[in-house]
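Spelled out, the chains give:
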Amino acid sequence: DEDVAFNFREFFRVNDSGEFMHKHDVAAFLDLLCRKESQSAYPFSADTYRDIFRHTLWMIPGVKSALALQRMLERHPVFQHFTVVNVAGDGDPTEEENDEALSLLRSKIGEDPDRSRAITLSCGRLTTGVSVPEWTAVLMLTGSFNTAAAGYMQTIFRVQTPATINGRVKEQCYVFDFAPDRTLKVLAET
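Reference entry: report on the structure contained in this document. (Residues numbered from 1 in each chain as written. Predicted model: local features only at pLDDT ≥ 70, side-chain atom pairs only at ≥ 80, totals over all residues. Heavy atoms only, no water.)

1. Some words on the side chain of His55
Rules: Each helix corresponds to a stretch of at least 4 residues labelled H or I by DSSP, and each strand to a stretch of at least 2 residues labelled E; elements are numbered beginning at the N terminus. Burial classes: relative accessible area under 20% of the type maximum marks a residue as buried, over 50% as exposed, and values in between as partly exposed (1.4 Å probe, protein chains only). Any N or O atom pair separated by 3.5 Å or less is treated as a polar contact, with the protein-specific requirement of one donor-capable and one acceptor-capable atom, and with residues adjacent in sequence counted only for side-chain atom pairs.
Mapped onto the elements, His55 comes out in strand 1 (residues 55–59). A relative accessible area of 3% means that His55 is categorised as buried. Of the polar contacts made by the side chain of His55, one reaches the backbone oxygen of Ser116; its length is 3.4 Å.

Next comes the structure, spelled out in structure tokens:
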């Protein structure tokens, strides 16, 4: 039932000036991702975790939301140390294709992924048919309880790309999904 599921589209809704309608809630969410707590291990709460999640994919519900989130991340005390790569496009029909978005991302990651940090914001681009071995996590900040299992699985497979980076074999990858009912439904369908 859509009424009982978290609505990412509403949470990340922007006004006519491109600001989040729920700006304080989005800011609190970003702060929560970085909060240090002895009982919980938030993904960006410590340097160790920030090193594990040096390169991540964040799925966002819309192009305008991605732009607003990019601006907010670039001013955030923790996330300002990450290069935000917005591959969501600008809504123009002549938007760059996957190859161009992938080239942009690769240029931001650079030759040595251990010397950079990148958050990739996407509404769907780079979620099928490409590999980004440096990604170690995806944050699912879009969709609903009725998200198609095939698209969901294609997206999370992006962070499962095998890799050896600077002599280290990538052995783990993570999916942070803020709609646990969706996760259970997708896994059951798969």
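2. A word on the environment of Thr83
Rules: Contacts between residues were defined by any pair of non-hydrogen atoms, one from each residue, lying within 4.5 Å.
Within the fold, Thr83 resides in strand 2 (residues 83–86). As for Thr83 and Leu105, which are separated by 22 residues in sequence, their C-alpha atoms are 9.7 Å apart. Sequence-distant contacts of Thr83, defined by excluding residues within four places in its chain, comprise Lys108, Arg117, Ala118 and Ile119.

3. Here's the deal with the pattern of salt bridges
Side chains that differ in sign of charge can pair as their charged atoms come close. Operational definition: Throughout this description, the term salt bridge denotes a Lys or Arg side-chain nitrogen within 4 Å of a carboxyl oxygen of Asp or Glu.
Enumeration over the complete set of coordinates arrives at 8 salt bridges. Measuring nitrogen to oxygen at the nearest pair gives 2.8 Å for the salt bridge that ties Arg54 to Asp51. With relative accessibility at 39%, the residue Asp51 sits in the partly exposed group. One salt-bridge network, held together by shared partners, links Asp51, Arg54 and Arg117.

4. Describing the sheet that holds strand 3 (residues 118–122)
Defined as follows: Being paired, for any two strands, means DSSP has found at least two bridges between them. Each axis is a line fitted through C-alpha atoms, and for a helix only the stretch in contact is used; angles between axes span 0 to 180 degrees, taken between their N-to-C directions.
Ordered by their spatial adjacency, 5 strands build an open sheet running 2-3-1-4-7, and the pairing between neighbours is parallel. Each edge of the sheet is formed by a strand with only one pairing partner; in this case those strands are strand 2 and strand 7 (174–177). The mean inter-strand angle of the sheet, taken between neighbouring strand axes irrespective of direction, is 20°. Summarising the sheet, strand 1 and strand 3 pair through 5 bridges and their orientation is parallel. What sits directly across from Thr56, in strand 3, is Ile119.

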